[in-house]
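Each chain, letter by letter, is given below.
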Amino acid sequence: MESGSTDTAKRIFAEARQAGIDLDLIDTNLALPVRERWRQHDAALRLVLKLQQAKAAHDAGLQRADR
Amino acid sequence: MTPDFSALIAKLTDAGFEFVIIDGYAAVTHGSAQVTRDLDLCAVLTEETIGVLRDALRDWNPRHRLTPQRLWFLTVPQPGAPVNNLYLQTDVGVIDVLTTVRGVGDYARLKAKAERLEVDGRVCYVMSLEDLIAAKEAMNRDKDAITAKELRVIAARRRTGGAT
């Protein structure tokens, strides 16, 4: 039974790797308390939005220069 | 807008709004490495609970993000109007409140299997890993299939306790 569940887990990990999922990132998150998972996520989202705003401002500047 | 979902969760919990965290932020809570742009919750939406939600969000400029005029949540919907879901934008992020989750069920069903969390002294509930995987599989979309694979890794990691 234990061997079966280990085999299942190995198959799940292999499928995830095949799909491009970084299992190390998951392990890193699992080592964190929920509060820290939330903090890191929210900080990452703020960074994504800032980068998108910067890109949009950059593109708008290029459009003005083209006129 | 400066997203701060943990502040939203704290505010709603302190206000007494009862909810279960679902979808992407539930995945993050369980350990997913993905980034989600909205806080999705499942709750019962009645005139009373909407009132609690309004009071909680009052200071964060809540608006209906899917209406062209960005209608103000503090005045729309009118009291007594039936509400199935709310799609809101606030100063601290997008928050969607759904009354049911496809492939799983309504608030009572989710709450029955939800995991109880205590974060910074506040108790809240997150959709169980099993339910979350079922919901992702029910969506039948590529991005949800990837998340389901990630969640299955987390479930297997819990079962085996070993490294991936």
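Before reading further, recall that the structure is shown in the block above.
Below: a short report on this structure.

A separate point is the interface of chain A and chain B. Each side of the interface is counted separately: chain A has 29 residues, and chain B has 26 residues. Of all the secondary structure elements, the ones that give two or more residues to the side of chain A that touches chain B are α1 (2–18), α2 (23–30) and α3 (34–66) of chain A. It is α3 of chain A that provides the largest number of residues to the side of chain A that touches chain B, a total of 12 residues. Among the residues forming the side of chain A that touches chain B, the class breakdown is 16 nonpolar, five polar and eight charged.

Let us look at helix α3 (residues 47–57) of chain B. Residues and elements named next belong to chain B. The set of residues buried in α3 consists of Ile 50, Leu 53 and Leu 57. Down the axis of α3, the sector holding all buried residues measures 60°, keeping them to one side. The exposed residues of α3 that point more than 90 degrees off its buried face are Glu 48 and Gly 51. Its buried side turned inward, α3 meets β4 (85–90).

A few words on the environment of Ile 21 of chain A. Along the chain, Ile 21 of chain A falls in the loop between α1 and α2. Given 22 C-beta atoms within a 10 Å radius, Ile 21 of chain A is considered buried. The spacing of Ile 21 of chain A and Ala 31 of chain A is 10 residues in sequence and 17 Å in space, taken between C-alpha atoms. Not counting residues up to four positions away in its chain, the partners in contact with Ile 21 of chain A are Ala 16 of chain A together with Lys 149, Glu 150 and Val 153 of chain B.

On to the packing of helix α1 (residues 5–15) of chain B against α3 of chain B. Residues and elements named next belong to chain B. Closest axis-to-axis distance for the α1/α3 pair is 9 Å, and the angle between their directions is 130°. Here α1 lies oblique to α3, going by the angle between them. As for how α1 packs across α3, the hand of that crossing is right-handed. Contacts between α1 and α3 involve Lys 11, Leu 12 and Ala 15 on the former and, on the latter, Val 52, Asp 55 and Ala 56. Taken together, the residues of the contact of α1 with α3 sort by class into four nonpolar, no polar and two charged.

About the cut-offs
Residues numbered from 1 in each chain as written. Chains lettered and ligands numbered in written order. Predicted model: local features only at pLDDT ≥ 70, side-chain atom pairs only at ≥ 80, totals over all residues. Contact = placed C-beta atoms within 7 Å. Helix = DSSP H or I, 4+ residues; strand = E, 2+ residues; numbered from the N terminus. Nonpolar A, V, L, I, M, F, W, Y, C, P; charged D, E, K, R; others polar. Buried ≥ 20, exposed ≤ 12 C-beta atoms within 10 Å, placed from the backbone. Arc of directions from axis to C-beta. Axes fitted to C-alpha atoms, helices over the stretch in contact; angles between N-to-C directions. Parallel < 35°, antiparallel > 145°, perpendicular 65-115°, else oblique. Left-handed = near helix turned anticlockwise from the far one by under 90°.

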